[in-house]
Structure formats: C-alpha cells, structure tokens
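Reading the structure
Here are the chains, one letter per residue:
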Amino acid sequence: MHVVQATETKEPIYTVRPTQFWMDKILEREVQKPIVHGPMKDRILVEKTMLDSAMVQYLPFKSVPALLDEYIFVDGRIRTGKLLEDLDAMAGTIAYKHIDNNDPDARPVTVVTACVDRLDLLLPKAVENYKLTGYVTYVGNSSMEIFLMAETVDGDIPLSKTTEAQAPEELVNPGELGPNTVLATRFTMVAIDSSTGKPVRINPLKVTSPAEERLFEFAKANKARKKKASEASLSRVPPTPAERLAIHDIYLEYSKYDGAEDPFLENDEKKPLPDDLVWMQDTRIDSNFLMQPQDRNIHNNIFGGYLMRRAYEIAYADAIVYLKSRNAILLAMDEVIFRKPVHVGTLLNLKSEVIYAQGKPHRSFQVRVVAEVVDIENDKKATTNVFYFTLAAVDTEPRRILPRTYAETMLWLEGKRRREEGVRSRHLLIRSLSDKGKI
C-alpha cells in the first residue's frame, strides 16, 4: 500500500497511482538483491466503519475546460471508458484506506480487483458536473465489497472541491439513489500478501445505522447470488428445455441461408441472407495493445479500469461497424471477473463480436469482448477477462444476429440470457430512481 504524505497537512493521501518513476523500477531491478522473507507477523486488525473508508471525488467538467478536454468523446458526451477507469482507481483507494491499520511494521499488502458487478448507465446527453462517491459495504476474511455511485451535480462546483478524492465528513443516506444518479455498481477487492501472494485478513466492518446494516446484508446476499449464477452457467449445465427449443428454432432458420452447413438441405435450396440479418462471425473485430508503464498501478500491473476502458472502446467500435452508424450508446456492462493480472510489457489481445440482437423493433444488442494476454516468447495465450456490454442504436435498426455453429449458438443463448436479465435489472434500477429507492 502507498500512503503519500500531503505537503500542507499531516493527513495521509491514499492512492493506487504509482509514486515512483518507471525508470527507477528498471534500475532497482538491475541491482536487485535477494529478498529475505521474514516470519509472518499477525496483522493488527482495527474495526472500521463505512465512513472510515468513504471517498468523494468531483469531476467539474462544466467549469474546468482542461478536464473536459481529457474526457470528451467524439459525440460530445463524456467518455464512458474514462469513467470506468476512475471508478476502478477510486475502488482501489477505498480498499487501501480500509485496510490501513496505522501499523508501520505491517507487511505490505497488495489489493487486486476480483470482479465488478453489473453496471447500468443513465448518462445525460449534455455535459454535466459529476460527483463520485464510494465506501466499503461488506468485508469477508480477505475480500471486501465497495459500493460506488456517480451522480450529476446541479450548479457550479466550488473551487475548494478539487478533482482529487477527498474524505467526506459524514455519509448522507448511504446506498440511496436519487434523480441525479447516472450509475451505481459494486467492486469486489481482495487483499493478498505482497511477498507470499496469500490472502490476508483485513479489518472488520462495523455498521452504525439501519441504512448501513441494510447495505451490508444486501452485499452478503449479492455474494450468494453470484455463486448461484455461476453454478447455472452454460459452461456447467446444459440449456433448459425452453432454451433447447429456441436452439432448434434458430438452427432451422440459419440452415436455410447461403453460408450455413446443413446435411439435410442441398446448397441449391438455400436462399441469400436477407438484409435485416447478419452472421455472428461477420461482426468480429480484434485489436492488440502493448501494455505500457503509464497505465500501471503501484504493483506494476495494468489497472483493471484501463482494461475495462479498452474493452468498452473496442465494443463500441464493433457496434458502430455492425450498425453502419456512429450513433450507439452504452446501456450496461455485465459483471466482470478479473482472472489473471496483466503485466507491463505484455501484449493484450481484444476480440469483440455481437452475439445477440433481436432486430426490429428492438434497439439494444449484446457485445462480447474477450481479453487475452499473449506470452510472446512462449507463444501462449491466457484469458484475463470476458466482458459483456449492452448497447443500443439511436438512429437505426440493428440487424438480427444469426449463429451458424453450435459454439456460436451457445454464445447467442448466453447473449439472450443476459439481455433478459438486463431488462429486469434496468427496470428495477429505474423504479428505484423514480421512487428515490435504496439499494
């Protein structure tokens, strides 16, 4: 953990941004000495409250043109990918703040992003000032769940409220969504010993109000829900009877068009693919990125937020090519699990494809992005993340997606499941906002 001393106050600044130049790391590696790992010392645990970890960050886009220039997208909106980066950095900051026990002899701890919950976006068309708020809502042995919310701010932001994250004096209506809420999500962070890589027990969480108790219980139930959803995934159990009928129906449809292989139908009996349909494989694009030190965290791995931004931006590129229109908006990002770290200097390969679209009159569609780290020397690949995004067309009607292999049909079915669950989740979120609800 890095705790940087403020220049004018004695309050520490918690950060996950690197505080050492990359060249210093290279020199340090050149003269590296054998590291002696001393015996494990029991970590002193200090009971913390949600307020102890809480952070607030303002993004005054309307009043600071230079900041807006860093975030502006080609269509005049705020870049969603940049917000994802900020949320990840903020979650890391909050996690380190909760872990800190003021023990100078404590062994160094590394915090990693384990997963990000589904994130629904209700971003405004016009440029607005933003406020990001986050705090720990649940603690296990070595993991913690962090609630993060972004909302627009009416009027100007005082100059005293800088773009640096700050600790609030109190938590007002924790977990409550309001009419200005544009997104709300949860990050799961895990603490491990920096030397051994083993899980580390972290400070317990003390709830101090009924609202905090409700957030804690929600997070606890959310953990059980994730486990249940994982057990029902298509990689573990076969499709349901209703889904098997849907698979057969989609097979009967795609087999009658040119380009599909079907042992029961002669090629001369097949028809050209209509203009309102598109083969799934024809929506695929990919891109490669060399991981640079400027995008590293203090542990010299690439920020999870950077990976989310890159994944979303290739999904957006895929979407506008598929739509043949630049007007696509992001509605949601499904839960993301971070399987492996991405190191500086590695090659990141991103593959994107549209896996599900119902077509007219529906405007939304599902895009899947697979992130792989390429081991150049050993010619190996390892999947780090699989992203699922829900986007929507603004001024055109998406073509319906057709698979033509069993593997593609499973992806199509996965997209169908995610769309149906996403519709339910979004309706619940909108209802919460209209009712000034709490999550």
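Rules behind the numbers
- Residues numbered from 1 in each chain as written.
- Predicted model: local features only at pLDDT ≥ 70, side-chain atom pairs only at ≥ 80, totals over all residues.
- Heavy atoms only, no water.
- Helix = DSSP H or I, 4+ residues; strand = E, 2+ residues; numbered from the N terminus.
- Buried < 20%, exposed > 50% of the residue type's maximum accessible area, 1.4 Å probe, protein only.
- Contact = heavy atoms within 4.5 Å.
- Areas by Shrake-Rupley, 256 points an atom, 1.4 Å probe, with all protein chains shown as cover.
- Salt bridge = Lys/Arg side-chain N within 4 Å of Asp/Glu carboxyl O.
- Core = buried A, V, L, I, M, F, W, Y, C linked by side-chain atoms within 4.5 Å.
- pLDDT = per-residue confidence, 0-100.
- Expected span 1.5 Å × (residues − 1).
- Arc of directions from axis to C-beta.
- Pairing = 2+ DSSP bridges.

**Details of the overall build of the chain**
For the chain, the count of helices and strands is eight helices and 18 strands. Split into buried and exposed, the 439 residues of the chain put 49% on the buried side. Considering only contacts in the chain between residues 6 or more positions apart, those separated by 24 or more positions represent 78%. Carbon and sulfur atoms make up 53% of the accessible area of the chain, which totals about 22800 Å².

**Here we look at the pattern of salt bridges**
This structure, assessed with the given rule, holds 18 salt bridges. Linking R400 and E253 is a salt bridge whose minimum nitrogen-to-oxygen distance equals 2.3 Å. With R400 in strand 18 (residues 400-402) and E253 in helix 6 (residues 241-254), this pair connects stretches of sequence that are 147 residues apart. Salt-bridge contacts for E420 lead to K416; the nearest nitrogen and oxygen are separated by 2.8 Å.

**Remarks on the nonpolar core**
Of all hydrophobic cores here, the largest spans 107 residues; its most connected members are M144, I146, F365, V369, F387, F389 and L391. With 12 residues, helix 7 (residues 304-323) is the largest single contributor of residues to this core. The contact partners of F365, leaving out residues within four places of it in the chain, are A319, Y322, L323, V354, Y356, A357, F389, T390, L391, A392, A393 and P398.

**Some points on the confidence of the model for the chain**
This prediction gives the chain a mean pLDDT of 83; 85% of its residues lie at or above 70. Within the model, pLDDT remains below 50 along residues 1-10, and this stretch shows 21 contacts once partners closer than five positions in the same chain are excluded. Contacts of residues 25-36 to residues separated by more than four positions or lying in other chains number three contacts, the stretch itself having pLDDT below 50.

**Re helix 6**
Taking 1.5 Å as the rise per residue, helix 6 with 14 residues should run 20 Å; its terminal C-alpha atoms sit 20 Å apart, in good agreement. Taken together, the buried positions of helix 6 are E243, A246, I247, I250, E253 and Y254. Looking straight down helix 6, one finds its buried side chains confined to an arc of 125°; they lie on one side. Those residues of helix 6 that are exposed and aimed more than 90 degrees away from the buried face are P241 and L245.

**Digging into the pairing of strand 9 (residues 181-193)**
In terms of burial, strand 9 is a largely internal element, 12 of the 13 residues being buried. Here strand 5 (residues 109-116) pairs with strand 9 via seven bridges, running antiparallel. Across the sheet, the residue bridging to V112 is V190, located in strand 9. For strand 6 (residues 119-121) and strand 9, the ladder comprises two bridges, and the chain directions are antiparallel. Note on strand 9: the bridge partner recorded for D120 is A184. Both strand 8 (residues 143-153) and strand 9 contribute to a ladder of nine bridges, which runs antiparallel. Bridge assignment links A150 to a residue of strand 9, and that residue is L183.

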